[in-house]
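Each chain, letter by letter, is given below.
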Amino acid sequence: MTVRTRFAPSPTGFLHIGGARTALYCWLEARRRGGDFILRIEDTDRERSTDEAVQAIIDGMAWLGLVHDEGPIYQTHRMDRYREVAEKLLAEGKAYYAYETKEEIEAMREAAMAAGLKPRYNGFYRDRAEPLRDDPNRVIRFRNPSEGSVVFDDKVKGRIEWSNTELDDFVIFRSDGFPTYNFAVVVDDIDMGITEVIRGDDHVNNTPRQINVYHALGAPVPEFAHLPMILGPDGQKLSKRHGAVSVMQYRDDGFLPHALLNYLVRLGWSHGDQEIFSVEEMTRLFDIADVNKAASRFDVTKLSWLNQQYLKNDNPADIAAEFTWHLQQAGIDPSTGPKPKDVIVALRDRVQTLKEMAERARTWYAPITEWDPKAVEKHLRNDTAVPVLNASREALAALPEWAPEAIHGVVEAVAAKLALGMGKVAAPLRVAMTGTQVSPSIEHTVYLAGREGALARIDDAIARSGA
RNA sequence: GCUCCCUUCGUCUAGUGGCCCAGGACACCGCCCUCUCAAGGCGGGAACACGAGUUCGAGUCUCGUAGGGAGCACCA
């Protein structure tokens, strides 16, 4: 039987970090085992579900490259099917109608709590052969086994046993005619042939009752794998106050999709001491059974390190498009300066995100507007600055080929000619090119300014030297 | 309250009874390299929650304690 996994978010917001990891694990498990990955939208909560959220989830997954093989399948399109299955259960006596009001149920819960028991439905209508009647409070409840226990072997948590006496006859169809989650998921997972249910561990408690529904329906029970939560850096539940929780926010902040994927795959899973995994390696090495049981914390610092690893090792041409997008986001017109891929080569050892890179690249796409007074004072207004600038200008103007290596040769030649150290030559040039004391290596800094730009900036710097 | 789950350096983790007076990575500190800033190299400090037990031997198995989490809806 082919493996089939699914990612089943409810469309009530953007795709967040936790959901993305769940989707990643589902996707990887399907890929490694040659199976299918299905996207299902759990939109039966009419109050909170929105079309924008559906789109946001699809966009987030597309950016990450987590493509589904089937779907999206919408639960709201399957109402007739849920009804049909509920009718079947009713006919077989595996479910029954109940008529308590919400207030009565609430009173029941409170009484149980007061008695030190867990709040459960008391089964009032369970064995009462009352004729069907119309009632605004009519719901359908599942007839849960009253004895024995449910045992399942969770792929990440291990063996879990649950006594049926802990479970009550839960509602499978609400009075408003909509199915409830615990019922709809089972019907969906059966119909879609899901073999591995991979989801957040906030669902472990639901699993035993769902397994009972599988049994009632005579369907094979799938494998379950419950993933531990991803916490914020402070160990608290991840939320907006921790900063970015939306996957798309990470794109906006300058992270590469595969860097995020790499970070996420290592959060709760490992393969020996390996830290860097290409997507291809992940699909080969990842095994849901190797996932850790304990929750983990989200650490942007390590994500940033990983992001830089990819910035440094990817082919610049491959990330040029993503970088160009960031230039535009920063209000920079890429056509007014050097080729993005050249900028990447110069800056990738110096920044951790594409957003930072775009910011630092600004100096080559527009005239210098701010001169650091300290830089001007220290490196332009001294005895050697003007001679260095003049000699450099002359050599640069005569350079046959405008390339970093050639420019490096010019800097060395000027240093030799004036009997100065490299630093004495690079510093004034750096200030001339950027107005600051910090930039990539001097040959790249000059190169990126372009010949015309570099000569003009040198002239400007000489003017500012006070000479 | 009840049920279930979790617990190795600050963080992510390796570890499946002897290879562990616990390894890697991020972060941090120091040194080296160096045209600035980085990147890189080398080195350093830093953890088995606690207590019993099983065993010749426990981070690894069992029980308990403490701490943390999840769920207990006509929400998913």
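Attention in this report is confined to the structure presented alongside it. (Residues numbered from 1 in each chain as written. Chains lettered and ligands numbered in written order. Predicted model: local features only at pLDDT ≥ 70, side-chain atom pairs only at ≥ 80, totals over all residues. Heavy atoms only, no water.)

## A closer look at the overall build of chain A
Threshold: A run of DSSP states H or I qualifies as a helix once it reaches four residues; a run of E qualifies as a strand once it reaches two. Both are numbered from the N-terminal end. The quantity called the radius of gyration is restricted to C-alpha atoms. Its globule counterpart is 2.2 Å times the number of residues to the power 0.38. Per-residue accessibility, obtained with a 1.4 Å probe over protein chains only, is compared with the maximum for each type, and a residue is labelled buried under 20%, exposed over 50%, and partly exposed between these values. We call two residues in contact when some of their heavy atoms are within 4.5 Å. Per-residue and other accessible areas were derived by the Shrake-Rupley procedure at a 1.4 Å probe size, with only the shown protein chains allowed to occlude residues. Think of it this way: Lys and Arg go in the positive column, Asp and Glu in the negative one, and His and the chain ends go nowhere. A single reference atom marks each charge: NZ on Lys, CZ on Arg, CG on Asp, CD on Glu.
On a plain count of helices and strands, chain A comes out with 19 helices and 12 strands. Against the 2.2 N^0.38 benchmark of 23 Å for 467 residues, chain A shows a C-alpha radius of gyration of 32 Å, more extended than a compact globule. C-alpha extents for chain A along the principal axes are approximately 105 × 40 × 40 Å. Relative to its full complement of 467 residues, chain A shows a buried share of 51%. Excluding contacts between residues fewer than 6 apart, the proportion of contacts in chain A whose partners are at least 24 apart in sequence is 77%. With the model as given, the accessible surface of chain A reaches about 21,700 Å², and the carbon-plus-sulfur share is 50%. Charge-centre separation for chain A: the mean point of 57 positive side chains lies 2 Å from the mean point of 69 negative side chains.

## With respect to the environment of Val151
Inspection of the secondary structure puts Val151 in strand S6 (residues 149–154). Each C-alpha atom, one on Val151 and one on Thr207, is 9.9 Å from the other, the two residues being 56 residues apart in sequence. Apart from residues lying up to four places away in sequence, Val151 is in contact with Arg159, Ile160 and Glu161.

## As for the layout of surface pockets
Convention followed: Cavities and pockets are defined on a 1 Å grid built over the protein atoms alone: a cavity is a set of grid points where a 1.4 Å probe fits but cannot escape, while a pocket is an open set with protein on both sides within 12 Å along at least five of seven lines, and lining residues are those with an atom within 4 Å of any such point. Grid points are joined across faces, edges and corners, and a volume is the space filled by probe spheres set on the points. Under this grouping Gly is polar, as are all residues other than the nonpolar Ala, Val, Leu, Ile, Met, Phe, Trp, Tyr, Cys and Pro and the charged Asp, Glu, Lys and Arg.
Computed from the structure, the largest pocket encloses a volume of approximately 1,200 Å³. Around the largest pocket sit 38 residues that line it, and Ser10, His16, Gly19, Asp202 and His203 are the ones nearest its centre. When residues of the lining of the largest pocket are traced back to their parent elements, those giving at least two are strand S1 (4–7), helix H1 (17–32) and strand S9 (196–200). With five residues, the top contributor of residues to the lining of the largest pocket is H1. Of the residues belonging to the lining of the largest pocket, the class tally is 15 nonpolar, 13 polar and 10 charged. The space that makes up the second largest pocket amounts to roughly 340 Å³. Residue lining of the second largest pocket: 16 residues in total, with Glu359, Arg360, Thr363, Thr434 and Thr436 positioned closest to the centre. Of the residues contributing to the lining of the second largest pocket, the split by class is seven nonpolar, five polar and four charged.

## Description of the pattern of salt bridges
To keep it simple, the criterion reads: For salt bridges, the criterion is a side-chain nitrogen of Lys or Arg within 4 Å of an Asp or Glu carboxyl oxygen.
Under the defined criterion, the tally for this structure stands at 36 salt bridges. In this structure, Glu275 and Lys302 form a salt bridge, with 3.2 Å as the shortest nitrogen-oxygen distance. Of this pair, Glu275 sits in the loop between helix H8 (257–266) and helix H9 (279–285) while Lys302 sits in helix H10 (residues 300–313), and the two are 27 residues apart along the sequence. With relative accessibility at 27%, the residue Glu275 sits in the partly exposed group. A relative accessible area of 32% means that Lys302 is categorised as partly exposed. Linked through salt bridges whose partners overlap, the residues forming this network are Arg6, Arg40, Glu42, Arg78, Arg81, Glu84, Asp188, Asp189 and Asp191.

## Notes on the pairing of strand S5 (residues 139–142)
What counts is decided by this rule: Criterion used throughout: strands pair if DSSP finds at least two bridges between them.
Judged by which residues are buried, S5 turns out to be covered on both faces: Val139 and Arg141 on one side and Ile140 and Phe142 on the other are all buried. Two strands pair when backbone bridges link them, and strand S4 (residues 95–98) and S5 are joined in this way by four bridges, in the antiparallel orientation. Counterpart to Ala95 in the pairing with S5 is Phe142.

## Some words on the protein's contact with RNA strand B
The following threshold applies: When we say a residue is near a molecule or strand, we mean one of its heavy atoms is within 4 Å of it. The definition of a polar contact used here is a pair of N or O atoms within 3.5 Å, where within protein one atom must be able to donate a hydrogen and the other to accept one, and adjacent residues in sequence count solely through side-chain atom pairs.
In the vicinity of RNA strand B lie 62 residues, with Arg174, Gly268, Asp349, Arg350 and Ser439 positioned nearest. Here RNA strand B approaches the protein such that, of its atoms within 4 Å, sugar and phosphate make up 69%. Here a sugar or linking oxygen of RNA strand B sits 3.0 Å away from a polar atom, N or O, in the side chain of Asn205. With respect to RNA strand B, the backbone of Pro440 contributes an N or O atom lying 3.4 Å from a base oxygen. Broken down by secondary-structure element, the contributors of at least two residues to the surface near RNA strand B are helix H4 (102–114), S5, strand S12 (296–297), H10, helix H17 (422–434) and helix H18 (442–449). Ranked by residue count, the leading element in the surface near RNA strand B is H10, at six residues.

## Structural notes on the pairing of strand S3 (residues 70–74)
Test applied: When the strands point away from the viewer, a crossover counts as right-handed if the path from the first strand over the helix to the second runs clockwise.
Sheet analysis places strand S2 (residues 36–41) next to S3, joined by three bridges and oriented parallel. Along S3, the bridge assignment pairs Arg40 with Ile73. Once you follow S2 into helix H2 (residues 51–64) and on to S3, the crossover reads as right-handed.

## A short note on unusual backbone geometry
Of note in the backbone geometry, Ala419 takes a positive phi value of approximately 55 degrees without being a glycine. Looking at the secondary structure, you find Ala419 in the loop between helix H16 (404–417) and H17. We classify Ala419 as exposed; its relative accessible area is 66%.

## Thoughts on the packing of aromatic side chains
Applied cut-off: Aromatic rings from Phe, Tyr and Trp, taking only the six-membered ring of Trp, are treated as a pair when their centres fall within 6.5 Å; an angle between ring planes under 30 degrees marks them as stacked, one over 60 as edge-to-face, and anything in between as tilted. As a reminder, the over-ring test applies to NZ of lysine and CZ of arginine, requiring each to be within 6 Å of the ring centre and within 35 degrees of the ring normal.
Scanning the model with the defined rule gives 11 aromatic pairs in all. Taken together, a centroid distance of 4.8 Å and an interplanar angle of 80 degrees make the contact between Phe124 and Tyr125 edge-to-face. According to the relative accessible area criterion, Phe124 is partly exposed, its value standing at 38%. Taking the centre distance of 5.4 Å and the plane angle of 50 degrees together, the rings of Trp269 and Phe286 count as tilted. With Trp269 in the loop between H8 and H9 and Phe286 in the loop between H9 and S12, this residue pair connects regions lying 17 residues apart in the sequence. In this pair, the class of Trp269 matches that of Phe286, namely buried. Between Arg133 and the ring centre of Tyr99, over which it is positioned, the NZ or CZ distance is 4.0 Å. When the ring centre of Tyr121 is taken as origin, the NZ or CZ atom of Arg141, which lies over that ring, is 3.6 Å away.

Honestly, that's just the spatial picture; any functional story needs more than this.
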